[in-house]
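# Coordinates in review
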Amino acid sequence: LRAATMAAAAVMPVSVPTSAGTREVLDVGYPVLNLQKIDDPKVSLHQCAQKYGPQALRSIFEKLEERASKPGFEEINLSDNLIGDEGAAYLAQGLSDNAKLKRLLIPRTNIRTAGFKSLGTLIGKSPSLEMAVLSANLADAEGVEGEFSAGLSKNKSLRSLCIAACRLGDKGVQTLCDGPLKTHPKLEHVSFNYNRLEDAVCGSICKMLAVNQNLRYLELCGNSITADGAEELVKGLVANKGKLTRLGLGQNNMRLRGCKALCQHFMSAQGKSLEFLDLRHNITTYPGVVELRKMMNKPIDDDEHNKGWMINFGERQLMLNAL
């Protein structure tokens, strides 16, 4: 009983303001700070979003400073809390040169262009950061220019960067591909899903793939890449010489011609290192799927193990459907 009581005792309780005008006690002595509190089924994401705002973050770091204690967080999860640009600035200031932070999860937090500049500063000063999930915040192309790109270039530890649905557009992704993504020494996974990308960005992606030595998984799903862009991406995959092993291109507009170019690469000697290729929802059409499966020696009417969207080639997988 005594041991259980000690385990349940707060390590470093602090009182912080909520966006509702009340105060709540949080324990900031643990390595994980999780403010996405939706454990109760009665709690909605809207209620979560309205609870902890930028003032809660400011208060946390002020309380730590009052106690002469440096933040010991290894993981911070602020998902769905509307901290905004002000909160991003408090994060960058409070966690500056923090050697312990490994995972930063801040999707859907109402951070915009100015906030992304603060996040760039934070990323550049976080020597142990391995994962950053920044998705569903309205960065726009301007958000990843300047301080953000500079911080990502300075960082040497990040392995996964999720920056999906941030309205980057071709210009924003081009900025990252022409800059930090070409030379980052550790980054293995990047998600650019749902970023309003079109064919114009594929050239920059290809140039990045030609020189990048570490990227293994690139997500480009939910954009507007057509057959022309798909054929351009194949050139980048060839130049990459097999270092990229997973590629997501679902929910684009590549149609049969674009999917065929990627399937041909997947089946070629140059594409044999691709372990996963997602081509679903590219308006391939049913006759197109029949044609492609026949080309890959996986006929749709004679393959007992591959009648769904997933086509298996040993341990390799290709996702394809007619829609």
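Okay, so let's go over this structure. Quick caveat: nothing in here was measured; it's all calculated off a predicted structure.

### With respect to the layout of surface pockets
As a volume, the largest pocket reaches approximately 250 Å³. The wall of the largest pocket is formed by 13 residues, among which Phe61, Glu62, Glu65, Gln93 and Gly94 lie closest to the centre. For the lining of the largest pocket, the secondary-structure elements that each account for two or more residues are helix H3 (54–66) and helix H4 (84–94). Element by element, the count of residues in the lining of the largest pocket is highest for H3, at 6 residues. When its residues are assigned to classes, the lining of the largest pocket shows 6 nonpolar, 3 polar and 4 charged.

### A word on the packing of aromatic side chains
For the structure shown, the criterion picks out 2 aromatic pairs. With a centroid separation of 5.4 Å and 65 degrees between ring planes, the pair formed by Phe266 and Phe313 is classed as edge-to-face. In this pair, Phe266 is assigned in helix H12 (residues 255–267) and Phe313 in strand S12 (residues 310–313), connecting sequence segments 47 residues apart. Classification of Phe313 as buried rests on a relative accessible area of 15%. Positioned above the aromatic ring of Phe313, the side-chain terminus of Lys298 is 5.2 Å from the ring centre. For Arg316, the ring lying beneath its charged end belongs to Phe266, and the centroid distance is 3.9 Å.

### Remarks on the pairing of strand S1 (residues 13–17)
Remember that side chains alternate between the two faces of the sheet whenever the strand is regular. Of the two faces of S1, the one lined by Val14 and Val16 is fully buried and the one lined by Pro13, Ser15 and Pro17 carries no buried residue. Relative to strand S2 (residues 23–27), S1 runs antiparallel, the two sharing 5 bridges. The residue of S2 that forms the bridge with Ser15 is Val25. Connecting S1 to the antiparallel partner S2 that follows it, the hairpin turn spans 5 residues, and Gly21 within it adopts a positive phi of roughly 90 degrees.

Scoring rules and cut-offs
- Residues numbered from 1 in each chain as written.
- Predicted model: local features only at pLDDT ≥ 70, side-chain atom pairs only at ≥ 80, totals over all residues.
- Heavy atoms only, no water.
- 1 Å grid on protein atoms, 1.4 Å probe; cavity = no way out; pocket = protein on both sides within 12 Å on 5 of 7 lines; lining within 4 Å.
- Points joined across faces, edges and corners; volume = space filled by probe spheres on them.
- Helix = DSSP H or I, 4+ residues; strand = E, 2+ residues; numbered from the N terminus.
- Nonpolar A, V, L, I, M, F, W, Y, C, P; charged D, E, K, R; others polar.
- Phe/Tyr/Trp six-rings, centres within 6.5 Å; stacked < 30°, edge-to-face > 60°.
- Buried < 20%, exposed > 50% of the residue type's maximum accessible area, 1.4 Å probe, protein only.
- Lys NZ or Arg CZ within 6 Å of the ring centre and 35° of its normal.
- Pairing = 2+ DSSP bridges.

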